[in-house]
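# Architecture and fold: a report
Spelled out from the first residue to the last, the chains are:
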Amino acid sequence: MIAYKEVKSILNKHKKRDSWFLDDYSVNPYEGCGFNCTYCYVHGSKYGENLAEKIVIKKDAADILDRQLNNRARKDEFGFITLGSATDAYMQVEEQIGLTREFLKIILKHRFPVFISTKSALIKRDLDLLKQIDETAILPEDLKQNPGRGVIISFSFSTLDEKIANQIEAGAPAPQERLETLKLCSDNGFLCGVNAMPLLPFITDTDEELEKIIAAAKQYGANFIFIAGLTLFGNDERDSKQLVFKFLRNHYPHLIEKYEEMYGSVHYPSWQYQQQLKRRGDVLCEKYEIKNSIR
Ligand code: SF4
């Protein structure tokens, strides 16, 4: 079901620049996401179990973005905009609606740099606009040398295993398709990366799985890779925490106890787990000569 809603503002300004993605702003052309990944933090009572059933298109969003970016540009407040921080800007409806493409035209007009993280091959449609943004965007002073680019494109993976992908992100494009789109973007000269997140404890965060993702990222032209574990929110049956436990009951019942130990009373894996994952990732990044950050 597609709904429309009026919004007054579309551009979110962060209090502080994100140290991973380097963005100062975010915009979301849609609410909800047609890919409906089980672990998605967007799940919750607002959307229900199925994010794809409640896609909301923001009316007049392009005009509002035009006005808001014009104001920011006049004050010389340039910074990376993440296009799609709580949705995938290239999910299925974008093919008909084209709001993401409209946003890109406005971003190009006002010369802002853009960061896009997606699972979709539809981004190929917009490489013409992205090329122009890459060449003309005005970067904040401290980002002019490094990364020194107006466009950063990243592809998200929780696994490369088609069977596991079908269990937990069946609505999203297949991992292999994402890798091939990454290659095409990289071959077209874009600064590209991989978001290896969320990795699922004991399922896709093993040394073997981690190495497969990092090796593939390198092979398909990624300049960098982000690695992060799973976060789980909410106690409502429609929240990601409950949906992931349902997935475990269906496919990995032997892991339920371990997940209860990890996430019983918290949203995030422990600091020790995160440090250990980072260390393992760093060793493999060094082995495959791929950066663990954009800069
Ligand atoms: S593609 Fe991203 S935004 Fe969409 S459901 Fe999956 S995790 Fe959520």
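Just so it is clear, the model here is predicted, and its values are computed rather than measured. (Residues numbered from 1 in each chain as written. Predicted model: local features only at pLDDT ≥ 70, side-chain atom pairs only at ≥ 80, totals over all residues. Heavy atoms only, no water.)

## Overview of the overall build of the chain
Cut-off, in case you're wondering: Labels follow the DSSP assignment, with helices taken as runs of H or I lasting at least four residues and strands as runs of E lasting at least two, numbered in each case from the N terminus. With C-alpha atoms as the basis for the radius of gyration, the globule rule is written as 2.2 Å multiplied by the number of residues raised to the power 0.38. Think of it in three bands: with a 1.4 Å probe and only protein chains considered, a residue is buried below 20% of the maximum accessible area for its type, exposed above 50%, and partly exposed in between. It only takes one pair of heavy atoms within 4.5 Å for two residues to be counted as in contact. Under the convention used here, a 1.4 Å probe and the Shrake-Rupley method define accessible areas, while residue burial counts only the protein chains that appear. Residues scored as charged are limited to Lys and Arg (positive) and Asp and Glu (negative), so that His and the chain ends carry no count. Charge positions come from single atoms, namely NZ of Lys, CZ of Arg, CG of Asp or CD of Glu.
Looking only at helices and strands, the chain features 10 helices and 10 strands. The C-alpha atoms of the chain give 19 Å as radius of gyration, which agrees with the globular expectation for 295 residues (19 Å, within 12%). In terms of principal-axis extent, the alpha carbons of the chain reach across some 55 × 45 × 35 Å. Counting over 295 residues, the chain shows a buried share of 55%. Excluding contacts between residues fewer than 6 apart, the proportion of contacts in the chain whose partners are at least 24 apart in sequence is 77%. Accessible surface, the chain as shown: approximately 13,700 Å² in total, 47% of it carbon and sulfur. Here the chain holds 40 positive side-chain charges and 42 negative ones, and the gap between their average locations is 5 Å.

## Overview of the side chain of R280
Looking at where R280 falls in the secondary structure, it is placed in helix 10 (residues 271–288). Those residues in contact with R280 that lie beyond four places of it in its chain are D205, T206, D207 and L210.

## Here we look at the pattern of salt bridges
Should their charged atoms come close, side chains of opposite charge can pair. Condition: Basic side-chain nitrogens of Lys or Arg form a salt bridge, by our definition, when they fall within 4 Å of a carboxyl oxygen of Asp or Glu.
Tallied over the entire structure, the rule returns 21 salt bridges. When the shortest N-O distance is used, the salt bridge between D24 and R17 registers 3.4 Å. Residue D24 is classed as buried on the basis of its relative accessible area, which comes to 10%. Since its relative accessible area comes to 25%, R17 is described here as partly exposed. Its salt-bridge partner being D187, residue K183 comes within 3.0 Å of it at the nearest N-O pair.

## Considerations on the environment of L248
Within the secondary structure, L248 sits in helix 8 (residues 240–251). Sequence separation between L248 and Y259 is 11 residues, and the spatial gap between their C-alpha atoms is 9.0 Å. Not counting residues within four places of it along the chain, the set of residues in contact with L248 comprises I203, P253, L255, I256 and Y259.

## Regarding the nonpolar core
Heads up, the condition is: Put simply, a nonpolar core is a bunch of buried Ala, Val, Leu, Ile, Met, Phe, Trp, Tyr and Cys residues held in one set by side-chain atoms that sit within 4.5 Å of each other.
One finds L130, I225, L248 and Y259 to be the most contacted residues of the largest nonpolar core, which totals 88 residues. L22, L191, M197 and F226 belong to the second-largest nonpolar core, a separate cluster that totals 13 residues.

## Remarks on the sheet that holds strand 4 (residues 30–31)
The cut-off we apply is this: Here the rule is simple: two strands pair whenever DSSP picks up at least two bridges between them.
Spatially, the 3 strands line up as an open sheet ordered 1-5-4, and their pairing is mixed. Looking along the sheet, the strands with just one partner apiece sit at the ends: strand 1 (2–6) and strand 4. Pairing of strand 1 with strand 5 (residues 55–59) involves 5 bridges; the strand directions are parallel. Residue pairing across strands places I2 opposite I55, the latter belonging to strand 5.

## A closer look at helix 3 (residues 99–109)
The complete set of buried residues in helix 3 reads L99, T100, F103, L104, I106, I107 and L108. One or two positions beyond helix 3, positive phi appears at R111, with a value near 65°.

## Quick word on the environment of W20
Looking at the secondary structure, you find W20 in the loop between strand 2 (12–13) and strand 3 (23–27). In contact with W20, other than residues within four places in its own chain, are M197, F226, I227, A228 and I294.

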